[in-house]
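Residue-level structure breakdown
Okay, here's what each chain looks like letter by letter:
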Amino acid sequence: MTLSERDKKHNWHPYTQHKTAQPSIAIVKGDGALLWDENGKEYIDAIASWWVNPYGHSNKVIADAIYKQLTTLEHVLFGGFTHEPAVLLSEKLMEILPNNQKKIFYSDNGSTAVEIALKATMQFFYNKGEKRTKIIAFENAFHGDTFGAMAASGISFFTEAFKGSLIDIVRIPVPIAGNESKSIQALEKVLTTNECAAFIFEPLVQGAAGMVMYDAEVLDVMIALCKDNNVFTIADEVMTGFGKTGKNFACDYLVQNPDMMCLSKALTGGTIPMAVTTFTQEIFDGFYDDDVNKALFHGHTFTANPTGCAAALASISLLQTREMQDNIQRINQQHLKFQNQIKDNPKVKTTRVLGVIFALEIKTENEESYYGDFRNKCYNFFIENGIVLRPVGNIVYILPPYIISDTQLEKVYLTIERALEIV
Ligand SMILES: *Cc1c(COP(=O)(O)O)cnc(C)c1O
């Protein structure tokens, strides 16, 4: 039996209707931007394995750092203990984060990073005896799949079954071009209620919604409005962090700084599950008290796992190399060229580019559902042609590892052009 066949027996896959899904492709090796399945077929990983892998698969630098850490101190509890990798990583993050971020809380994945931010804002006000329990979020947002993160997410069929069990979210429109004033007005209206603890957003790019983009200027206005109304802002940079938008963080395009940031995905270069939630001193001080009950009672067994921290340190050092920064610019230039070449194609509705992110909306007769037939037809075409791309409805996007070569990128573009001919 093949791995793919054996997989079916016990493995339950994410976002998968197993009755209709095709067998999962068994990948046996990864190197750079390439993956190989058990039959020897080669694929270009054009979405960096769900946006986690900027420096390439099986990266030697990160692997060495992990090995070294594993054979020195693989793990120690973070309650009452600390260790060098966590100290170094927090110091390193301080160097690259917006300068109002002062405290780091470690966890394991993007959803928990969001969960911690939401819990911290709600308890901050509780500790002060203020009743602020609602959270403001964008329509079509994606912040993860645990209960708090899921509540903040606005992709309806992900959360439909849990409607009655979710925290209170006030949803406002995304300020895409043309919608800015509508979005700002909706925020202003919500802020007058004084019931909201925080505003959570994916800065500049809504990933799971299909790389929906909006401008830094309007987000600056919105953050400033929140500040004026004592509502905290949470920048969920789980997807956008570590160079994806062309700068280290999407927030680097802003004048205003958010109060909190959530980071994961590329943090460890796609090796060890790890996340951080970062805070201003003000938020930390809201828990700092002689009363033990005012502490943030949240933690995970693997909080600040030393091996994860070592992987993150190696990853950030890679990000900071000239070579990687040049790669990011190079991919951006190639995307812009491709955008220019494809934008007038009669099948193309819109295109957008930011940093290494490219998105193309295909013209279709009906509105295409997230996992509908149209999407599956495109997905299968890409897989047949050895390209890993996962369209969202009628939106095809590329978010490649930064080390992808021009030739590989060219093949991705060509395959997208060919896909437009068959859909
Ligand atoms: C992927 C993602 C999450 C959730 O991260 P997980 O590690 O899958 O839990 C949260 N926010 C954003 C913006 C994401 O892209």
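So, here is what we can say about the structure in this document. The residue numbering used here restarts from 1 in each chain and proceeds along that chain's sequence as written. Only residues with pLDDT of 70 or above have their local features reported here, since the model is predicted, and side-chain atom pairs are shown and tallied only from 80 upward, although totals for entire chains, interfaces and linings are computed over all residues. Hydrogen atoms and water are omitted, and side-chain values are computed over all heavy atoms in the structure.

Digging into the site of the ligand
Put simply, a residue is near a molecule or strand once any heavy atom of it comes within 4 Å of that molecule or strand. Taken together, W51, N109, G110, S111, F142, H143, G144, E202, D236, V238, M239 and K265 make up all the residues around the ligand. By the criterion applied in these results, polar contacts are pairs of N or O atoms within 3.5 Å in which, for protein atoms, one can donate a hydrogen and the other can accept it, and in which residues neighboring in sequence qualify only through two side-chain atoms. In this structure, an oxygen atom belonging to the ligand sits 2.7 Å away from a side-chain N or O atom of K265. Out of a free accessible area of 380 Å², the ligand has 84% covered by protein chains. In terms of residue class, the shell around the ligand is made up of 4 nonpolar, 5 polar and 3 charged. Values of accessible area rely on a 1.4 Å probe in the Shrake-Rupley scheme; residue burial ignores everything except the protein chains shown. Residues were grouped as follows: Ala, Val, Leu, Ile, Met, Phe, Trp, Tyr, Cys and Pro as nonpolar; Asp, Glu, Lys and Arg as charged; and all remaining residues, including Gly, as polar.

Quick notes on the environment of E384
Helix and strand definitions follow DSSP, with helices as H or I runs of at least four residues and strands as E runs of at least two, each counted in order from the N terminus. Residue placement: E384 occurs in helix 13 (residues 373–384). Sequence spacing of E384 and K41 is 343 residues, and the spatial spacing of their C-alpha atoms is 9.7 Å.

Quick notes on unusual backbone geometry
Most of the time, phi is negative for any residue but glycine, and the peptide bond is trans. For W50, which is not glycine, the phi torsion reads 60° and is therefore positive. Considering the arrangement of structural elements, one finds W50 in helix 2 (residues 48–51). Unusually for a residue other than glycine, N230 sits at a positive phi of about 55°. Tracing the backbone shows N230 in the loop between helix 9 (216–228) and strand 10 (232–236). The classification of residues rests on relative accessible area computed with a 1.4 Å probe and restricted to protein chains. Under 20% of the type maximum is buried, over 50% is exposed, and intermediate values are partly exposed. N230 sits in the exposed class, given a relative accessible area of 54%.

Things to note about the sheet that holds strand 14 (residues 357–362)
Spatial strand order, 13-14-16: 3 strands in an open sheet with antiparallel pairing. If you trace the sheet from one side to the other, it starts and ends with strand 13 (348–354) and strand 16 (395–398), each paired once. When strand polarity is set aside, the average angle formed by the axes of neighbouring strands in this sheet is 15°. What makes two residues a contact is simply this: any of their non-hydrogen atoms within 4.5 Å. Each axis is a line fitted through C-alpha atoms, and for a helix only the stretch in contact is used; angles between axes span 0 to 180 degrees, taken between their N-to-C directions. Against the sheet, helix 14 (residues 406–422) contacts strand 13, strand 14 and strand 16, and its axis sits at roughly 170° relative to strand 16. DSSP calls a pair of strands paired once it identifies at least 2 bridges connecting them.

A word on the layout of surface pockets
Here a cavity denotes a set of grid points, spaced 1 Å apart and computed over the protein atoms alone, in which a 1.4 Å probe fits but from which it cannot get out, and a pocket denotes an open set meeting protein on both sides within 12 Å along at least five of seven lines; residues with an atom within 4 Å of a point are reported as lining. Grid points are joined across faces, edges and corners, and a volume is the space filled by probe spheres set on the points. Of the pockets and cavities examined, the largest pocket occupies roughly 1,200 Å³. Together, 29 residues line the largest pocket, and T16, S24, I25, Y379 and R390 are the ones closest to its centre. For the lining of the largest pocket, the elements supplying multiple residues, two or more each, are helix 1 (3–10), strand 3 (42–45), helix 2 and helix 13. Among the elements that make up the lining of the largest pocket, the one with the highest residue count is helix 13 (5 residues). Split by residue class, the lining of the largest pocket holds 14 nonpolar, 10 polar and 5 charged. Reported here for the second largest pocket is a volume of approximately 1,000 Å³. Forming the boundary of the second largest pocket are 38 residues, of which N140, A209, V212, R352 and I395 lie nearest the centre. The set of elements that each furnish at least two residues to the lining of the second largest pocket consists of helix 7 (156–159), strand 9 (212–213), helix 9, strand 13 and strand 14. Counting residues per element, the lining of the second largest pocket draws most heavily on strand 13, which supplies 3 residues. Each residue belonging to the lining of the second largest pocket can be placed in one class, and the counts come to 19 nonpolar, 10 polar and 9 charged.

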